[in-house]
Amino acid sequence: MAIVNRLTVDGRDYFLPDPVSELKGKILEAIKAGGGYVNVPPLRGGPGVDILFSPGMPVTWSQFEVGDSGPQSDEPVDDVPDYEL
């Protein structure tokens, strides 16, 4: 099982791999300084996203385990609605 962290900033979710203690420290420093940009890394590779954190901005953390869902079937699923897009 893998641990995934969810950072919710002003209603937007960002999913991050463990560990996040360094990122939490950077966010706290930015808020204590009256505001500042912090780079939030992506879950899988890439440059991440720069977010401006400021005092009073709603920020929440949650953590959950993600495990294997079992063997996957190669058969197509027919119960997916077709919206004719």
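Here the structure is shown first, and the text comes after it.
Just so it is clear, the model here is predicted, and its values are computed rather than measured. (Residues numbered from 1 in each chain as written. Predicted model: local features only at pLDDT ≥ 70, side-chain atom pairs only at ≥ 80, totals over all residues. Heavy atoms only, no water.)

*Asks:* Just to check I follow, could you spell out the packing of aromatic side chains for this structure?
*Replies:* Geometrically, a pair of aromatic rings is defined through the distance of the ring centres and the angle of the planes. Evaluation of the coordinates by the stated rule reveals 1 aromatic pair. On the basis of an interplanar angle of 80 degrees and a centroid distance of 6.3 Å, the ring pair of phenylalanine 15 and phenylalanine 64 is categorised as edge-to-face. Taken together, the residues span a long stretch of sequence, with phenylalanine 15 in strand E2 (residues 12–17) and phenylalanine 64 in strand E5 (residues 59–66) at a distance of 49 residues. Accessibility expressed as a relative area gives 32% for phenylalanine 64, which makes it partly exposed. (Phe/Tyr/Trp six-rings, centres within 6.5 Å; stacked < 30°, edge-to-face > 60°. Helix = DSSP H or I, 4+ residues; strand = E, 2+ residues; numbered from the N terminus. Buried < 20%, exposed > 50% of the residue type's maximum accessible area, 1.4 Å probe, protein only.)

*Asks:* Could you clarify how one ought to interpret the sheet that holds E5 in this entry?
*Replies:* Within a beta sheet, neighbouring strands are joined by backbone hydrogen bonds and run either parallel or antiparallel to one another. Here 3 strands make up an open sheet; going across it, the order is E2-E1-E5 and the pairing antiparallel. What marks the edges here is a single partner per strand, and that holds for E2 and E5. Adjacent strand axes in the sheet meet at a mean angle of 25 degrees when their direction is disregarded. Relative to E2, strand E1 (residues 2–9) runs antiparallel, the two sharing 6 bridges. What sits directly across from leucine 7, in E2, is tyrosine 14. (Pairing = 2+ DSSP bridges. Axes fitted to C-alpha atoms, helices over the stretch in contact; angles between N-to-C directions.)

*Asks:* What's the story with the side chain of threonine 8 in this structure? I'm lost.
*Replies:* Relative to the helices and strands, threonine 8 is located in strand E1. Sequence-distant contacts of threonine 8, that is, excluding residues within four places in its chain, are made with Asp13, Pro58, Val59 and Thr60. (Contact = heavy atoms within 4.5 Å.)

*Asks:* I'm lost on the environment of tyrosine 37 in this one. Help?
*Replies:* Turning to its location among the elements, tyrosine 37 is positioned in strand E3 (residues 36–40). Linking tyrosine 37 and aspartate 50, residues 13 residues apart in sequence, is a C-alpha distance of 6.0 Å. Ignoring anything within four residues of it in the chain, the contact list for tyrosine 37 reads Asp50, Ile51 and Leu52.

*Asks:* Would you take a moment to explain the pairing of E1 for this structure?
*Replies:* For a regular strand, side chains alternate in direction, first toward one face of the sheet and then toward the other. Inspection of the sheet shows E1 paired to E5 by 8 bridges, in the antiparallel sense. Bridge assignment links valine 4 to a residue of E5, and that residue is phenylalanine 64.

*Asks:* Would you mind showing me how to read the nonpolar core here?
*Replies:* In summary, soluble globular proteins display a tendency toward joint burial of nonpolar side chains. Among the nonpolar cores identified, the biggest contains 11 residues, and these are Leu7, Val9, Leu16, Val20, Leu23, Ile27, Ala30, Val38, Val40, Ile51 and Phe53. If you list the elements that add at least two residues to this core, you get E1, helix H1 (21–32), E3 and strand E4 (49–53). Among the elements that line this core, the one with the most residues is H1, at 3 residues. (Core = buried A, V, L, I, M, F, W, Y, C linked by side-chain atoms within 4.5 Å.)

*Asks:* Help me understand unusual backbone geometry in this model?
*Replies:* Residues apart from glycine generally show negative phi values, whereas peptide bonds are mostly found in trans. In this structure, proline 19 follows aspartate 18 across a cis peptide bond, with omega equal to -5 degrees. Positionally, proline 19 belongs in the loop between E2 and H1. With a phi angle near 50 degrees, aspartate 10 is a residue other than glycine that sits in the positive phi range. Residue aspartate 10 is classed as exposed on the basis of its relative accessible area of 54%.

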